[in-house]
Amino acid sequence: RLFDTAGSDAVVAAVHIADSDDAWAQSVADRIKVDHQDKVASGRLHAIRVPDRLYPILSTCPPSCLNGIPPARTTWQNKRNIDMAFLFVYSAPLADYYLLMEDDIAFTHGWANAIIAEAASQPALSEESNSPWHVVGFVEGLCLGQLVQGKELVRLGQFFLLFYDQLPCETLLHHWMRAMTQGKAIEAWKKAGNQNLFKHEGHIDSYDGSHHSQT
């Protein structure tokens, strides 16, 4: 659906199969190769999996239990940040822009063209900080739907690797944006043409595996 609804042939997807179950991860990789053979062959679909030995310590609570978050959720949050960092760095040479997505999303038809047009409409330098934009938000308050320039992905990945155990991804991304001198968030999701470009359809929470309703 990602490719079918994009409205553009310029979309490249990079997937991180970030699961410690070797058999399951291999089955997903095999299914991608079979079901999307043309996209893989053309370089429009990439999948990576990082071995566990390359991950830092994820169980940092205790002693570092930030904001009263339970140990299990702290470990999950830390791993999520590292998963993203690896994917940022891998994706840096693939495209001009990088959009943070999840695997349980429904897309509005033409979503890619809407995002490309919004990025192109941004001024080269902002008035308040005289610096280029670094993050454009198409979803409120989440990592999902945040657009970053491809040339900045390595530095963003380094930032996440440095502070992976300190904050959730949404807050890390905001702090990186401010560190890169973008003083104000660009809230593209407020514009009528950019609303509802994406919608969560998943019913299983990636943190604890619990089922929930989307109604």
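What this report covers is the structure whose coordinates are included nearby. Throughout, a residue's number is its position along its own chain's written sequence, starting from 1. In keeping with the model being predicted, local features are shown solely for residues with a pLDDT of at least 70 and side-chain atom pairs are shown and tallied solely at 80 or more, while totals for entire chains, interfaces and linings include all residues. By convention in this description, side-chain values take in all heavy atoms of the structure and omit both hydrogens and water.

**Observations concerning the packing of helix H3 (residues 71-91) against helix H5 (residues 153-163)**
The description of two packed helices rests on the angle between their axes and on the distance between the axes.
Moving on, step 1. As a rule, the C-alpha atoms of each element are fitted with a line to give its axis, helices using only the stretch in contact, and angles between N-to-C directions run from 0 to 180 degrees. By the criteria applied, helices consist of DSSP H or I runs no shorter than four residues and strands consist of E runs no shorter than two, each listed in order from the N terminus. As a packed pair, H3 and H5 sit with axes 8 Å apart at the nearest point and diverge in direction by 160°. One element, H3, and the other, H5, form an angle in the roughly antiparallel class. For H3 against H5, the interelement crossing comes out left-handed. Facing H3, whose interface residues are Asn 81, Ile 82, Met 84, Ala 85, Phe 88, Val 89 and Ser 91, H5 presents Leu 153, Val 154, Leu 156, Gly 157, Phe 160 and Leu 161.
Moving on, step 2. Side-chain classes follow a simple rule in which Ala, Val, Leu, Ile, Met, Phe, Trp, Tyr, Cys and Pro form the nonpolar group, Asp, Glu, Lys and Arg form the charged group, and the remainder, Gly included, forms the polar group. Tallied by class, residues from the contact of H3 with H5 come to 10 nonpolar, 3 polar and no charged. Every angle not falling under 35 degrees, over 145, or within 65 to 115 is termed oblique; those three ranges are roughly parallel, roughly antiparallel and roughly perpendicular. Handedness of each helix crossing follows the sense of rotation of the near helix against the far helix: counterclockwise by less than a right angle gives left-handed, clockwise gives right-handed. By definition in these notes, contact holds between two residues if any of their heavy atoms fall within 4.5 Å.

**Regarding the layout of surface pockets**
Moving on, step 1. The rule is simple: put a 1 Å grid over the protein atoms alone, call a set of points where a 1.4 Å probe fits but cannot get out a cavity, call an open set with protein on both sides within 12 Å along at least five of seven lines a pocket, and count a residue as lining if it has an atom within 4 Å of a point. Grid points are joined across faces, edges and corners, and a volume is the space filled by probe spheres set on the points. In this model, the second largest pocket occupies a volume close to 250 Å³.
Moving on, step 2. Mapped onto the lining of the second largest pocket, the elements with two or more residues apiece are strand E5 (135-137), helix H6 (169-179) and strand E7 (186-187).
Moving on, step 3. No other element matches H6, which puts 4 residues into the lining of the second largest pocket.
Moving on, step 4. Residue composition of the lining of the second largest pocket, grouped by class: 8 nonpolar, 4 polar and 3 charged.

**A short note on the packing of H3 against H6**
Moving on, step 1. Where H3 contacts H6, the two axes come as close as 10 Å, and the packing angle between them is 50°. Between H3 and H6, the angle is such that the two are oblique. Between H3 and H6, the contacting residues are Arg 80, Asn 81 and Met 84 on the first element and Cys 169, Glu 170 and Leu 172 on the second.
Moving on, step 2. Residues belonging to the contact of H3 with H6 are distributed by class as follows: 3 nonpolar, 1 polar and 2 charged.

**Considerations on H5**
Moving on, step 1. Between buried and exposed lies partly exposed: a residue is buried under 20% and exposed over 50% of the maximum accessible area for its type, with that area taken using a 1.4 Å probe on protein chains only. Considered for burial, the residues of H5 that qualify are Leu 153, Leu 156, Gly 157, Phe 159 and Phe 160. Buried residues of H5 fall within an arc of 160° about the axis and therefore sit on the same side.
Moving on, step 2. For H5, the elements touching its buried residues are H3, strand E3 (97-99), strand E6 (146-149) and H6. Our arc is simply the arc of the directions from the helix axis toward the C-beta atoms.

**Quick notes on the environment of Ser 8**
Moving on, step 1. Tracing the chain through its elements places Ser 8 in the segment before strand E1 (13-16).
Moving on, step 2. Separated by 104 residues in the primary sequence, Ser 8 and Ala 112 have C-alpha atoms spaced 6.3 Å apart.
Moving on, step 3. In contact with Ser 8, other than residues within four places in its own chain, are Arg 44, Ala 112, Asn 113 and Ile 116.

**Some points on the packing of aromatic side chains**
Moving on, step 1. Aromatic contacts are taken between Phe, Tyr and Trp rings whose centres are within 6.5 Å, Trp giving its six-membered ring; a plane angle under 30 degrees counts as stacked, one over 60 as edge-to-face, and the others as tilted. According to the stated counting rule, one finds 8 aromatic pairs in the structure shown.
Moving on, step 2. With 5.2 Å between their ring centres and 85° between their planes, Phe 88 and Phe 160 make a pair best called edge-to-face. Of this pair, Phe 88 sits in helix H3 while Phe 160 sits in helix H5, and the two are 72 residues apart along the sequence. The pair Phe 88 / Phe 160 is uniform in exposure class, with both members buried.

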